[in-house]
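Spelled out, the chains give:
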Amino acid sequence: MKYISTRGQAPALNFEEVLLTGLAADGGLYVPETLPTFDRAEIATMAAMDYPAVALHIIRPFVADCIPEQDLADLVRDCYREFRHEAVAPLVQLGSNEWLLELFHGPTLAFKDFSLQLLGRLLDYVLERQHRKVVILGATSGDTGSAAIEGCKRCSNIDIFILHPHQRVSDVQRRQMTTVAGDRIHNIAVQGNFDDCQAMVKASFGDRSFLPADRNLVAVNSINWARIMAQIVYYFYAAVAVGAPHREVAFSVPTGNFGDIFAGYLARQMGLPIKQLIIATNRNDVLHRIMTTHTYARGELQHTLSPSMDITVSSNFERLVFDLYQRDGTAVAELMHRFQNGDISFSDTAMAEAQRLFSSQCVSDEETCQLIYDVFEASEYLLDPHSAIGVKAARDRRCDSLTPIITLATAHPAKFPEAIEKAGVDFEPALPHHMLDLFQREERYSVHPNELAAVQAYMAVNINA
Ligand SMILES: *Cc1c(COP(=O)(O)O)cnc(C)c1O
């Protein structure tokens, strides 16, 4: 399988190359040149498979020319063994024909474990074979950093450096990063804010002279193709559990960067009968505004109760734009270049297609709290604020009550106690059993001033041989 850039000017890559690349050289994002498709009979067989078997089935065609099937099977089994639920991604019924797909049973209690557990193993496998080592560098405001560290903690060919804003992430989030043991795990607390951390990461990708000559720098943010690929799996797994391909299904997806819901779009393109895909956003509603005004405009960043969706630009949306413009890389490049300097409008043809594919809704903090409260009152099920946004949008936007609707539950409520308290629910969500000693575990991180040179000097001397 070949991967091509959404801006049409960068060389096509194979899976192994795309795994080790972030942005394409032309500034675009990589997407598969063609998608594998599954017919009804093949989808029906997935109903009898466990999660790793479905994962193998979906992922195989994307990596086939790079990873032998047996190696992939071992890698996928090993990956999902880390999850603390036999079903890996269990479905819970919330109402009549209304379901939640719990994606928070991984090591860090959020759905990013699905992609980053796999990404770490894929990287280590490929690096081992190439006798290479790399450095992963990322900035985090919370969830991504811990999931990346957990995903890489057993990788002997990766040094991982994660920058977080000092004293500006929650205690649970910091401890999930800093209590993971390993010589190759490096947590850096920067005396600045998240944007400062991100600026340092960006500058380091631009000037890599602080690195030893034999090390490449790899990004693990959600533009990495392998992360999207891993997320396609649970759409198939959940849909067949509620009756696909014999019944159509609908999904509601709390999203910010358009990563998770883009995976749902791909699942539909690959043959899964998805009747409706709902984009659920918080007050950072750039995606909802695109759908309603046809204009892509950066808003002001709002701090909400669902911080993992607090964004102003939705990077993965470019992957959809590429399809909306008939895969015309030149047209996408032209649009995205204009977006650097201001708002852009999409063509009527493109937007008509987008509206055929997606519904959307923006949900406020007040509505989020009300929904958490209502669901707890009705069934004593506690939703985290991100998942609550998905459920709210599902209830308001579902096209009919006969089609089963599945909301992706992206985080465990214990990660966001502030929202639960604000919702007026008189019940404190406990951390799962395996994390009860989180506050007794030893932490390791170093605090640095908000200076690029200091941080780079620290990285240079701490990269392992
Ligand atoms: C990252 C994250 C999201 C948003 O994911 P996208 O890739 O932007 O769709 C939603 N919920 C939680 C809990 C997250 O950590």
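Residues numbered from 1 in each chain as written. Predicted model: local features only at pLDDT ≥ 70, side-chain atom pairs only at ≥ 80, totals over all residues. Heavy atoms only, no water.

## Some details on the overall build of the protein chain
Okay, step 1: Helix and strand counts for the protein chain stand at 18 helices and 15 strands.
Okay, step 2: Computed over its C-alpha atoms, the radius of gyration of the protein chain comes to 21 Å, within 12% of the 23 Å expected for a compact globule of 465 residues.
Okay, step 3: The C-alpha extent of the protein chain, read off along each of the three principal axes, is 60 × 50 × 50 Å.
Okay, step 4: For the protein chain, with 465 residues in total, the buried portion stands at 60%.
Okay, step 5: Looking at the protein chain alone, contacts between residues at least 24 apart form 76% of all its contacts between residues at least 6 apart. (Helix = DSSP H or I, 4+ residues; strand = E, 2+ residues; numbered from the N terminus. Rg over C-alpha atoms; globule rule 2.2 N^0.38 Å. Buried < 20%, exposed > 50% of the residue type's maximum accessible area, 1.4 Å probe, protein only. Contact = heavy atoms within 4.5 Å.)

## A short note on the environment of Phe-62
Okay, step 1: The residue Phe-62 is located in helix H3 (residues 51–63) in this model.
Okay, step 2: Using a relative accessible area of 0% as the deciding quantity, one classes Phe-62 as buried.
Okay, step 3: Separated by 26 residues in sequence, Phe-62 and Pro-36 have C-alpha atoms that sit 7.8 Å apart.
Okay, step 4: Every residue in contact with Phe-62, bar those within four places of it in the chain, is listed here: Met-1, Tyr-3, Phe-15, Pro-32, Leu-35, Pro-36, Trp-225, Met-229, Ile-232 and Met-270.

## Remarks on the nonpolar core
Within soluble globular proteins, side chains that are nonpolar tend to cluster in buried spots.
Okay, step 1: Core analysis: the biggest nonpolar cluster contains 117 residues, and Phe-15, Tyr-80, Phe-236 and Phe-251 have the highest contact counts within it.
Okay, step 2: At 14 residues, the largest contribution of residues to this core is made by helix H9 (residues 225–241).
Okay, step 3: Phe-15 has contacts with Met-1, Tyr-3, Phe-62, Val-63, Cys-66, Ile-67, Leu-122, Trp-225, Ala-226 and Met-229, leaving out every residue within four places of it along the chain. (Core = buried A, V, L, I, M, F, W, Y, C linked by side-chain atoms within 4.5 Å.)

## Here we look at the pairing of strand S7 (residues 185–190)
Okay, step 1: Most of S7 sits inside the fold, with six of its six residues counted as buried.
Okay, step 2: Neither face of S7 is exposed, since Ile-185, Asn-187 and Ala-189 on one face and His-186, Ile-188 and Val-190 on the opposite face are all buried.
Okay, step 3: In the sheet, strand S6 (residues 158–165) pairs with S7 via six bridges, with the strands oriented parallel. By the bridge assignment for S7, His-164 is matched with Ala-189.
Okay, step 4: The parallel pair S6 and S7, bridged by helix H7 (residues 171–178), forms a crossover whose chirality is right-handed. (Pairing = 2+ DSSP bridges. Right-handed = clockwise from strand over helix to strand, strands pointing away.)

## Focus on H9
Okay, step 1: Within H9, 16 of the 17 residues are buried, which leaves it mostly tucked inside the rest of the structure.
Okay, step 2: Backbone nitrogen of Ala-226 and a side-chain oxygen of the N-cap are separated by 3.0 Å at the start of H9; the cap is Asn-224.
Okay, step 3: One or two steps after H9, the chain reaches Gly-243, where phi turns positive at roughly 120°. (Polar contact = N/O pair within 3.5 Å; in protein donor to acceptor, adjacent residues only side chain to side chain.)

## Details of the pattern of salt bridges
Okay, step 1: Tallied over the entire structure, the rule returns 25 salt bridges.
Okay, step 2: Of the charged contacts, one joins Arg-338 and Glu-334 as a salt bridge, the two residues approaching to 2.9 Å between their closest N and O atoms. Taken together, the residues Arg-338 and Glu-334, both in helix H13 (residues 329–339) and four residues apart, mark about one turn of the helix.
Okay, step 3: Judged by relative accessible area, which is 41%, Glu-334 ranks as partly exposed.
Okay, step 4: Ionic contacts of the salt-bridge type, sharing partners, join the residues Asp-78, Arg-81, Glu-82, Arg-121 and Arg-154 into one network. (Salt bridge = Lys/Arg side-chain N within 4 Å of Asp/Glu carboxyl O.)

## Quick notes on the packing of helix H12 (residues 317–324) against H13
Okay, step 1: The N-to-C vectors of H12 and H13 enclose an angle of 135°; their axes lie 9 Å apart at closest approach. Comparing the axis directions of H12 and H13 gives the class oblique. In the packing of H12 onto H13, the handedness of the crossing is right-handed. Where H12 approaches H13, its residues Glu-318, Val-321 and Phe-322 are matched on the opposing element by Gly-329, Val-332, Leu-335 and Met-336.
Okay, step 2: Here the residues of the contact of H12 with H13 are counted per class, giving five nonpolar, one polar and one charged. (Axes fitted to C-alpha atoms, helices over the stretch in contact; angles between N-to-C directions. Parallel < 35°, antiparallel > 145°, perpendicular 65-115°, else oblique. Left-handed = near helix turned anticlockwise from the far one by under 90°. Nonpolar A, V, L, I, M, F, W, Y, C, P; charged D, E, K, R; others polar.)

## Considerations on the sheet that holds strand S5 (residues 133–139)
Okay, step 1: Strand order in the open sheet made by the five strands is S8-S5-S6-S7-S15, with parallel pairing throughout. On the outer flanks of this sheet lie strand S8 (215–218) and strand S15 (446–448), each paired with one strand and no other. Neighbour-to-neighbour, the strand axes of the sheet open up by a mean angle of 25°, direction not taken into account.
Okay, step 2: When S7 meets S15, the two strands line up parallel, connected through three bridges. By the bridge assignment, Ile-188 is partnered in S15 with Ser-446.
Okay, step 3: Those strands touched by helix H5 (residues 112–130) are S5, S6 and S8, and its axis lies near 145° from that of S6.

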